[in-house]
Amino acid sequence: MGVNTKSKRFIAIAILNVALLALPTLVKVHYAALYYAVIILLIPITIYRIVFEEKFEKRFYQRWHKAREQGFWINVVREGLRTLVFMVVVVSISQFFGNGLTPIEIMSKLPGNALAWILLLLLAFSLIAGIIALYENNNRYIRIYYAKKNN
């Protein structure tokens, strides 16, 4: 008998958390106490997300049903902005813990034209990611729709 999907996710999360907790022993991490606090805070959040996956799927289904009616470009922009924020947060956190730099310090060290190019590149990636997310969300919506219909 195989291992179910939730068990696989719990195993993957456990391995990832052990790796993240062991990371400071392999590389220098700035603000180690804050790093450990963030990782430890993420553990119950990820467990909650896995345990209550059906609830999240139901909420997504209801929200995406309404969002689909708003049209292509509104959803592309919304998903693109979500991706843009995610990219900025991930880079900021990695620079903060990896190099001890805040976003303001990073931006102040960049020449003006490099900052403009980075912003344009981020916007282009966000647009592409917004289009991809729109199609992925539609596929997820359809999968949930048919799963509900067949039950």
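Residues numbered from 1 in each chain as written. Predicted model: local features only at pLDDT ≥ 70, side-chain atom pairs only at ≥ 80, totals over all residues. Heavy atoms only, no water.

> For the environment of V85, give the residues involved together with the corresponding values.
Mapped onto the elements of the fold, V85 is located in helix α4 (residues 72-99). By relative accessible area, V85 is classed as exposed at 52%. Along the backbone, V85 and S126 are 41 residues apart, and their C-alpha atoms lie at a distance of 9.1 Å. (Helix = DSSP H or I, 4+ residues; strand = E, 2+ residues; numbered from the N terminus. Buried < 20%, exposed > 50% of the residue type's maximum accessible area, 1.4 Å probe, protein only.)

> Give me helix α6 (residues 112-150): which residues, what numbers.
Counting along an α-helix, one turn takes 3.6 residues, and residues three or four places apart therefore face a common direction. Under the 1.5 Å per step criterion, the end-to-end length of α6 is 56 Å for 39 residues, consistent within 8% with the ideal 57 Å. All buried positions along α6 are accounted for by S126, G130, A133, L134, N137, N138, Y141 and I144. (Expected span 1.5 Å × (residues − 1).)

> How would you summarise a positive patch on the surface if you had to cite specific residues and measurements?
Side chains of R49, K55, R59, R63 and R78 sit close together on the surface and give a patch of like positive charge. The element contributing the most residues to the positive patch is helix α3 (residues 53-68), with three residues. Inspection of the secondary structure assignment puts K55 in helix α3. (Patch = residues over 30% accessible without salt bridge, like charges linked within 9 Å, V, L, I, M, F, W, Y side chains within 5 Å. Areas by Shrake-Rupley, 256 points an atom, 1.4 Å probe, with all protein chains shown as cover. Salt bridge = Lys/Arg side-chain N within 4 Å of Asp/Glu carboxyl O. Lys, Arg positive; Asp, Glu negative; His and termini not counted. Charge placed at Lys NZ, Arg CZ, Asp CG, Glu CD.)

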